[in-house]
Structure formats: structure tokens, C-alpha cells
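Single-letter residue listing:
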6 protein chains.
Amino acid sequence: MFIAAMGVPVLAQTVDDRLKRGDAVIRDLNRGQPQPALERMRQEFPFLAEATEAYALGDVWSRPGLDSRTRQLAAVAAFAATGQLPFMKVHAGYALNIGVSEEELKEVIYMITVPAGISRAIAASQVLSELFAERRNARGPQ
Amino acid sequence: MFIAAMGVPVLAQTVDDRLKRGDAVIRDLNRGQPQPALERMRQEFPFLAEATEAYALGDVWSRPGLDSRTRQLAAVAAFAATGQLPFMKVHAGYALNIGVSEEELKEVIYMITVPAGISRAIAASQVLSELFAERRNARGPQ
Amino acid sequence: MFIAAMGVPVLAQTVDDRLKRGDAVIRDLNRGQPQPALERMRQEFPFLAEATEAYALGDVWSRPGLDSRTRQLAAVAAFAATGQLPFMKVHAGYALNIGVSEEELKEVIYMITVPAGISRAIAASQVLSELFAERRNARGPQ
Amino acid sequence: MFIAAMGVPVLAQTVDDRLKRGDAVIRDLNRGQPQPALERMRQEFPFLAEATEAYALGDVWSRPGLDSRTRQLAAVAAFAATGQLPFMKVHAGYALNIGVSEEELKEVIYMITVPAGISRAIAASQVLSELFAERRNARGPQ
Amino acid sequence: MFIAAMGVPVLAQTVDDRLKRGDAVIRDLNRGQPQPALERMRQEFPFLAEATEAYALGDVWSRPGLDSRTRQLAAVAAFAATGQLPFMKVHAGYALNIGVSEEELKEVIYMITVPAGISRAIAASQVLSELFAERRNARGPQ
Amino acid sequence: MFIAAMGVPVLAQTVDDRLKRGDAVIRDLNRGQPQPALERMRQEFPFLAEATEAYALGDVWSRPGLDSRTRQLAAVAAFAATGQLPFMKVHAGYALNIGVSEEELKEVIYMITVPAGISRAIAASQVLSELFAERRNARGPQ
């Protein structure tokens, strides 16, 4: 249970607790696997790995008050609108992992034409198509 | 019923149909009222008013396949991440109008720290606070 | 003839009309050929393909009131300034196709140093150089 | 005559020459007047004033190879697409001063919906409307 | 002493420790005063206030390995280049408080012309001029 | 000696002087070597090559009033925050060449999480890791 959701800072939480929570979140989002980019940062950029795991995953991504599906779709929108497509792909993959449909992801990309332009949406659609193809290939013929 | 959702372009639809649909959407989102910025554009920028009403509202915002609440929250994320705060405020207002809670909006802003920085989230939080205050003032003392 | 240019929305126009107009525009800009990225979107992102063809090409790109050369150069400026270089390359190619000179494209990139920085202009110049080389290679030795 | 246009750096040009050329350019664009923001920078940010006058105005804006109207419209597109609206307003004003029509400026803003979103175009249209009103007020009743 | 600087995450640190460190940092940067924008966030956006104080100030701003002057100047550069001018002003104020000179701040803004354009630098120079004037007014006549 | 630093424009300086100064600066920053991207621009984009060498390197990068290490770190921050990673890599390389440590570069990237998001910092960290590896490979086994 997340006391943070009650509107007060959680004063007693240790970085260790936050890292554990972040590790649990990434396994939930990533089908039980660690996140490769995060693992590669640990040796050379330990503080950034910690910020990603303890803050982004442990603090932000684990917050109650918004369901995980909506939070991932909003993240996909933000990454697509700012042209950060490798991150959009990672979070679109998380969204699929937790039950968001391909159609819902497409709808977010359609919407991006309004705040960020048709070109940003086209570029995002190409990366989503790659992701969908990778998932189909991984599942193999059916 | 939206044939567009079946994955084929809707060849017979007229601009007039799309404008009517856009007008219905804006009244749904804006508590039965026209949108003032849209009205001001009609005389001097008629094509842009048409694009906003027929395309953004009539085509994009009325699409099925994603619930309106999620689409507005994703739009809030995109506007906040790109620093387009007056538009973020308009869409956060629409979100409140269709039943999104203040807490859910705050969660989207918290998440924005990850793709766009703590500063972008702080700036967005200040605009959200203004919106929340305006709504409380409009409701009057209780 | 485009009634839209007279400052009133064109109420009777169908999506089918707009798609046909967009198809004519793309063939004008692209030397009679369909646009490959647009074709690839049709199956998986049909709404975005429609928005590109009916809205971007059919509505925006076919508007009177500004000659096509100036509109393409302004689009090249916008794509270069926002770092959307694959789109800049496509529109610079359209510009060449309709008679804009390499020198005029270079001048737009030089100007980009003022609103967007010398680095954005350098990055754009590298993509323009690729485009110019591809065109020379396609023409073969002379 | 601008030797730079022949594709070779102009080795003998002094900063003084470039500043004089920049001053001539600004007077051409600004109806014979100095540019107020530039004048204010001279005391506290002399290097930036010099860069603006000698480089932006003296080198870039005076280049041959592209007519001034097209260069200003491309600048308006770049400033609108990146959300730098006070600069867009200044350059739209220059464009009007050298004979660009209000309609042509509107067309550039309509086009901005494609690379930068409908919201960026709406925000730009509001600033253009202000500029057009200021010009009408300055001319007085007719 | 900051164990984080040795390249290992600090597992035992509590959020309370981090908030205290953030509070100490803000008082160092802000001449012993709390930061007004941070204080305003505490009630309505408690998680964002915590992220600002515990993460941005407590974790990032207190890191050894780079002197505070250089970190503030780099922050000024990042805020100016991305057009986040109210934040640039806050951090330029911190820089002055810890002994950075007005001339050094101006040099960072001059440099911004290269990655972000002359216009971004002009806009930043106007905000810096405001800050310098406020400081002179606060000191009174001498 | 740079009279510009005294707050007055340097009226007598020729473009030739500025290009020579730029050439000296690039050799200082780049271990005595010309900069390959700059050399490639000379033939096809001579004005942009001149702007880079005479303005960016000759005027901006050679300015006194800020030490070269701080200016390069601020440039790294600006390029990372705006997602211009190939330029960030070039300037991070210059920083290493003039004695900035890998740790100092990492600290700038950590700081970027605050104005530009954790994702922008992660993307920058990956490019820095490439640069560090290239430098280690160039030095060979020790």
C-alpha cells in the first residue's frame, strides 16, 4: 500500500525500499525481465540507474491514483509528442504487456496529430509498426 | 456509430457531417458551451477553425477505440510535455467536465517528470492549480 | 477551383473528394508516384493515412493563396527547425520536383541558424547533401 | 553586390561592414526604423546585439539567392513551429512591411498544422490576429 | 559526505534524509530562504514538491563531482536552450547568489546562439536583464 | 587579446581574422585536427561553414569571460536537453580534450534529468558511453 497517495511525503522510506519497489515495477511491466538499457547504465552511470529505478519506476510508476494502463498511454503520448521514439517504443511495449490493445495505442498516436503534428504521428506510427511486427514474430506462426 | 473505427476510410462523409460531429464533441467536452478560442478563429482564420472543428474534434476526438477520459489525459500529457500550457489547461478542463478527477490529472503531471523534466511538471502544476481554483470559485462557497 | 480560399468552409465536400484531391497533390509533388511512407500506413494506420491524404495533402497542400514553392520552402524550414529531418528530406525533394533550386533550399537552411541554432542547420545541411547526391546519382553521369 | 552568394567566403569583410549592412537590412524590413529589442540589447548584451546585427541581419538576412518575402515566410514558419511567438510576430510584421499579404501569412500558419500540430497553429493565429489588429489601429479609420 | 559520489547507490538513505539535504541545498542557493514556488506546491502537489526537494535538490543538486557554479551555469544553458525562461531566471539567481558574475551568465547566453538560435538567446537575455535590474533595485542606490 | 570582452563591438575585425581565430579554436579543442563535419560543409554549404568557423568558433567559442571548460560543459547541457546528441558527443569530446573529466560530464548529464527529463538523460548517457569507449579503444590496452 502506498502512503504517498494520501498526500503526504513518505518520510521513512529508504532508497533501498524504493529500488526494490522499482525492481518489482519493471518486472511487472516487462514480463518478469530486467530492462536491458537500465542494466547497461548501472556500471557507468550508477546515479542515473538509481534515479531511473528508485525515482521513475519506484516512485512515479508505482503510484496509485491512476491505473497503469492510462499512465503508460499518457507516457506514450508524451514520448511521441516530443519525438523520443525509442522511449515511446519501450513504453508501448510495457502497455501491451499489461493488456493495452494495439488499437488503443494507435488511437493515442492519432490524437498526437493535434498537439504535435501529423509528421510526429507518422514517425511514431512507424515505430509502433516495428514493435507490433516484433511481437508477432516473437509469437511465431499460429 | 463510427464506421471509421472498422479500419476503412469513410468515403461518403461530408465536411458538413464532420463539422456537426465536431460541434457535438465540443459541447460534450465543454458542458454544452461553444469553445471561445474556436469561435474567435472563425472570422479571421476560417480554414483553421474548420480544421479544428472538422478534423481535431470531428475526426480525432470522436473516434471510438479509446475512451474519452484516457484520450484527454493523454492529450494533457502531450501538451504538458511540450510546454503548451494554455492548451493543457483547456484539455484538463474538458477532462474534469467528463468526470476525470483532480487526482488523476495530478498523476499525469507527476509522470511528466520522467519524459520531460521536473521543471515542465512544475510549470504544468501551476496551471492546473489555477484551473482547480477557477472551478472552485465558479462553484462558490459550499 | 477551391472555394475554401474564399474564406468559407466547404460544407458539401466529401472525404472521398478530399482523398482524390490529396492523391492528385502527391502525384504533382512526387513526379507522378505515390508516396511510399503513406502507402505503408494504409493497412495498419488507416486513419492516419486518411488524415495525411485528405487533410494534409488534400486540404492544406492544395490550398490556393500561396504558391507551392513557397509553401514547400516554409515546410522545409519548419521541419529543419524542429529537427524532423526525414520529413525535411521528403519536402525538400518535393520542392526540387516542382522547380525549387538547390540554392534556394540552402538559403532556407542558412536562415535556420537564426531561429534554431547553427547545429540544427548543420544537421539539416547533411541531410540535404544526401538528397542532392541521391538526385545526381539517379540522373547518372552526364 | 554580395560575393558570398558566389559560394566563397568573403575574406576581406570587416565587422563594421557587416554591421552597416545589418543596419540597412533592419531599416528595409522595419519601415526605416531601428528595431527596439535590438537597441535595448546594445548596452547590456553588446555581443548579442552585434551577433544579431552583423550575423543575423548583415550576413543571413541580406543574402541573395532567395527573395526577402520567401525568407520571411520561412522564418515565420520556423518561429511558429517552435513556439517562439514574439519572434514570429516581429518577422510577420517585417513580411507585411515588404509586401507579403495577410492571406499569405495565414497560409503559412495553416501549413504549420502538419509539422507542428493544430495547437501550435492556433497559438500562432492568435498572435497574427493581434498583429493585424495593431496594423489596422495604426492606420486608423478609413 | 556523499557516498553516492563513489559510484554506488546509497541504500540506507531515507526520504527524510534526502528532504533535509534538499532543504539545506535550497537555503544555500537561495540566501537562506525557502523557494516560494516549492512552498506553494506542497499542499496541492505534495509528490511533486517531494520530487523537487528530495530528488532535484537533495539528490542532484547536492552531488559532489562538479562545483555548484558550473552546475548552475549548465542548468541556465539547458533552461535557455529549451525556452523554459522562468526556470532559467531562478537558476541564474541561484548562480549570482553563489558568486557567479553577471558576465559569466551573459557568456552562457551568448553561447546558446549556437545550439538553440539567436532568438532563444535574445529571449533569455531579456529575462536576465530583468533579473539584473531586480537585484540592483533590491540593493538600492549606492 | 579580445576587445569584444570589454563590452564594445570590434569594428575593425575582418572575416579573415575571424576565420583564422576559429581555425585556432577548433585545433585547440580537437587535438590539433580540423573538424571533419566542418570540412565536409565547405564545398556544398560554404556560408554555413563560414558561420560555423567565423561566428561559432571564431566569435563565440573564443570569447574570454568564461573558461573553456565551463563553456563546453554548458554546451553539452544544452545539446543534451534539446536532444541534439551527435553535437553533444562532439562537444563532450572537446571537453575531454581540454581536461574535463568523464565524471564531470556524467554530472552534467545527471543534472539534465531536472530540466529535460530522465529519458533525455538516459539517451545522452548512452552516447557518452560510446564516446568513452571510443577513447579507451583509441588509447589501446594499458
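In this text, all values refer to a predicted model and were calculated from it rather than measured experimentally.

Peer 1: Can you tell me about the environment of Glu39 of chain C, naming the residues and giving the values?
Peer 2: Residues and elements named next belong to chain C. Residue position: Glu39 is located in helix 2 (residues 36-44). Sequence separation between Glu39 and Ala49 is ten residues; the distance between their C-alpha atoms is 7.7 Å. Within the structure, the side chain of Glu39 is placed 2.9 Å from the side chain of Arg42, a separation counted as a polar contact.

Peer 1: Describe the interface of chain F and chain E, listing the residues and the values that go with them.
Peer 2: The interface is formed by 28 residues belonging to chain F together with 28 residues belonging to chain E. The three residues of chain F that bury the most area against chain E are Glu107, Met111 and Pro115 of chain F, which together make up 23% of that side's buried surface. Between the two partners, chain F and chain E, sit four salt bridges. Put simply, Glu107 of chain F and Arg63 of chain E hold a salt bridge, and the shortest N to O gap is 2.8 Å.

Peer 1: Can you tell me about the relation of the copies chain C and chain E, naming the residues and giving the values?
Peer 2: Superposition of chain C onto chain E requires a rotation of 180° combined with a translation of 0.0 Å along the rotation axis, giving an RMSD of 0.0 Å. Both copies are brought into coincidence by an operation consistent with a two-fold rotation axis. When C-alpha distances to the rotation axis are compared across chain C, the minimum falls at Gly117 of chain C, with a value of 1.7 Å. Same-surface contact between copies: 100% of interface residues of chain C are shared with the interface of chain E.

Peer 1: Tell me about the relation of the copies chain F and chain E, and please be specific about residues and values.
Peer 2: Once chain F is rotated about the relating axis by 180° and shifted along it by 0.0 Å, it coincides with chain E to within an RMSD of 0.0 Å. Counting the interface residues of chain F, we find that 100% of their copies in chain E are interface residues as well, pointing to one common contact surface.

Peer 1: Requested: an account of the packing of helix 3 (residues 46-60) of chain D against helix 7 (residues 118-139) of chain E, with residues and values cited.
Peer 2: Viewed as axis vectors pointing N to C, helix 3 of chain D and helix 7 of chain E meet at an angle of 155°, and their least axial separation amounts to 10 Å. The orientation of helix 3 of chain D with respect to helix 7 of chain E, classified from their angle, is roughly antiparallel. In terms of crossing hand, the pair formed by helix 3 of chain D and helix 7 of chain E is left-handed. Residues Leu48, Ala51, Thr52, Tyr55 and Ala56 of chain D of helix 3 of chain D lie in contact with helix 7 of chain E, whose contacting residues are Ile118, Ala121, Ile122 and Ser125 of chain E.

Peer 1: Describe in detail the side chain of Asp59 of chain F, supporting the description with residues and values.
Peer 2: The topology assignment puts Asp59 of chain F in helix 3 (residues 46-61). Within the local environment of Asp59 of chain F, its side chain forms a polar contact with the side chain of Arg18 of chain F, the two groups lying 2.8 Å apart. Those residues in contact with Asp59 of chain F, other than ones at most four positions away along the chain, are Phe47 of chain D together with Arg18, Arg21 and Ala54 of chain F.

Peer 1: Explain the packing of aromatic side chains to me, using residue names and the numbers behind them.
Peer 2: According to the stated counting rule, one finds 27 aromatic pairs over all chains in the structure shown. Judged by centre distance (5.2 Å) and plane angle (20°), the ring pair of Tyr55 of chain A and Tyr55 of chain E falls under stacked. Note that Tyr55 of chain A is positioned in helix 3 (residues 46-61) and Tyr55 of chain E in helix 3 (residues 46-60), a pairing that runs across two chains. Classification of Tyr55 of chain E as buried rests on a relative accessible area of 2%.

Peer 1: Give me the lowdown on the interface of chain C and chain E, citing residues and values where you can.
Peer 2: Where interface size is quoted, it is often the accessible area lost as the parts come together. Across the boundary between the two partners, chain C contributes seven residues, which contact seven residues of chain E. Carbon and sulfur atoms supply 46% of the area buried between chain C and chain E, which totals about 410 Å² over both sides. The tally of links from chain C across to chain E stands at zero salt bridges. For the interface between chain C and chain E, the tally reads six residue pairs in polar contact (both at pLDDT 80 or more). The greatest single-element share of the side of chain C that touches chain E, amounting to four residues, is contributed by helix 6 (residues 102-116) of chain C. Class assignment of the residues belonging to the side of chain C that touches chain E gives a composition of four nonpolar, three polar and no charged.

Peer 1: Account for the pattern of salt bridges, naming residues and giving values.
Peer 2: For the structure on display, the rule yields 84 salt bridges over all chains. We note a salt bridge from Lys106 of chain B to Glu103 of chain B, for which the minimum N-O separation is 3.3 Å. Of this pair, Lys106 of chain B and Glu103 of chain B both sit in helix 6 (residues 102-116), three residues apart, which is roughly one turn of that helix. On the basis of relative accessibility, which here comes to 7%, the residue Lys106 of chain B falls in the buried class. Taking the relative accessible area as the measure of exposure, Glu103 of chain B reaches 42% and is therefore partly exposed. Notably, a salt bridge pairs Glu53 of chain C with Arg42 of chain C, separated by 2.8 Å at the nearest N-O pair. Taken as a pair, Glu53 of chain C in helix 3 (residues 46-61) and Arg42 of chain C in helix 2 lie far apart in primary sequence, eleven residues in all. Salt bridges sharing partners connect three or more residues here, namely Arg18, Arg21 and Asp59 of chain A.

Peer 1: Now, about the packing of helix 2 (residues 36-44) of chain B against helix 3 (residues 46-61) of chain B: what can you tell me, with residues and values included?
Peer 2: Residue and element names in this part refer to chain B. Contact geometry of helix 2 with helix 3 gives a least axis separation of 5 Å together with a crossing angle of 135°. If you check the angle between helix 2 and helix 3, you find them oblique. Together, Leu38, Met41, Arg42, Gln43 and Glu44 of helix 2 and Pro46, Leu48, Ala49, Thr52, Glu53 and Leu57 of helix 3 make up the contact between the two elements. Along the lines of polarity and charge, the residues of the contact of helix 2 with helix 3 split into six nonpolar, two polar and three charged.

Peer 1: With reference to specific residues and values, describe the environment of Val60 of chain A.
Peer 2: Mapped onto the fold, Val60 of chain A is located in helix 3. Residues Val60 of chain A and Leu38 of chain A, spaced 22 residues apart in sequence, show a C-alpha to C-alpha distance of 16 Å. Ignoring anything within four residues of it in the chain, the contact list for Val60 of chain A reads Tyr55 and Arg71 of chain A, Tyr110, Met111, Thr113 and Val114 of chain B together with Phe47 of chain E.

Peer 1: Describe helix 3 of chain B, with residues and values.
Peer 2: Its 16 residues give helix 3 of chain B an end-to-end C-alpha distance of only 20 Å, which falls more than 12% under 22 Å, the value for a rise of 1.5 Å per residue. Within helix 3 of chain B, 16 of the 16 residues are buried, which leaves the element mostly enclosed by the surrounding structure.

Peer 1: I'd like a description of unusual backbone geometry, backed by residues and values.
Peer 2: Among all residues except glycine, the phi angle is most often negative; among peptide bonds, the trans geometry is most common. Unusually for a residue other than glycine, Arg31 of chain A sits at a positive phi of about 55°. Residue placement: Arg31 of chain A occurs in the loop between helix 1 (15-29) and helix 2 (36-44).

Peer 1: Quick one: what's the story with helix 1 of chain A, residue by residue and with numbers?
Peer 2: Residues and elements named next belong to chain A. In a regular helix each residue adds 1.5 Å, so 15 residues correspond to 21 Å; helix 1 covers 21 Å between its end C-alpha atoms and thus fits that length. Turning to helix 1, its buried residues number three or more, namely Val15, Arg18, Leu19, Arg21, Gly22, Val25, Ile26 and Leu29. The arc enclosing the buried residues of helix 1, seen along the axis, measures out at 165°, which places them on a common side. For helix 1, exposure combined with an orientation more than 90 degrees from the buried face picks out Lys20 and Asp28.

Peer 1: Mind laying out the environment of Gln126 of chain D, listing which residues take part and the relevant values?
Peer 2: Residues and elements named next belong to chain D. Note that Gln126 resides in helix 7 (residues 118-139). Given a relative accessible area of 35%, Gln126 falls into the partly exposed group. For the pair Gln126 and Thr82, spaced 44 residues apart in the sequence, the C-alpha separation amounts to 15 Å.

Rules used in this analysis
- Residues numbered from 1 in each chain as written.
- Chains lettered and ligands numbered in written order.
- Predicted model: local features only at pLDDT ≥ 70, side-chain atom pairs only at ≥ 80, totals over all residues.
- Heavy atoms only, no water.
- Helix = DSSP H or I, 4+ residues; strand = E, 2+ residues; numbered from the N terminus.
- Polar contact = N/O pair within 3.5 Å; in protein donor to acceptor, adjacent residues only side chain to side chain.
- Contact = heavy atoms within 4.5 Å.
- Buried area = accessible area lost by both parts, 1.4 Å probe.
- Salt bridge = Lys/Arg side-chain N within 4 Å of Asp/Glu carboxyl O.
- Least-squares fit on C-alpha atoms with pLDDT ≥ 70 in both.
- Axes fitted to C-alpha atoms, helices over the stretch in contact; angles between N-to-C directions.
- Parallel < 35°, antiparallel > 145°, perpendicular 65-115°, else oblique.
- Left-handed = near helix turned anticlockwise from the far one by under 90°.
- Phe/Tyr/Trp six-rings, centres within 6.5 Å; stacked < 30°, edge-to-face > 60°.
- Buried < 20%, exposed > 50% of the residue type's maximum accessible area, 1.4 Å probe, protein only.
- Nonpolar A, V, L, I, M, F, W, Y, C, P; charged D, E, K, R; others polar.
- Expected span 1.5 Å × (residues − 1).
- Arc of directions from axis to C-beta.

So, to be careful, I would describe these as geometric facts and stop short of saying anything about function.
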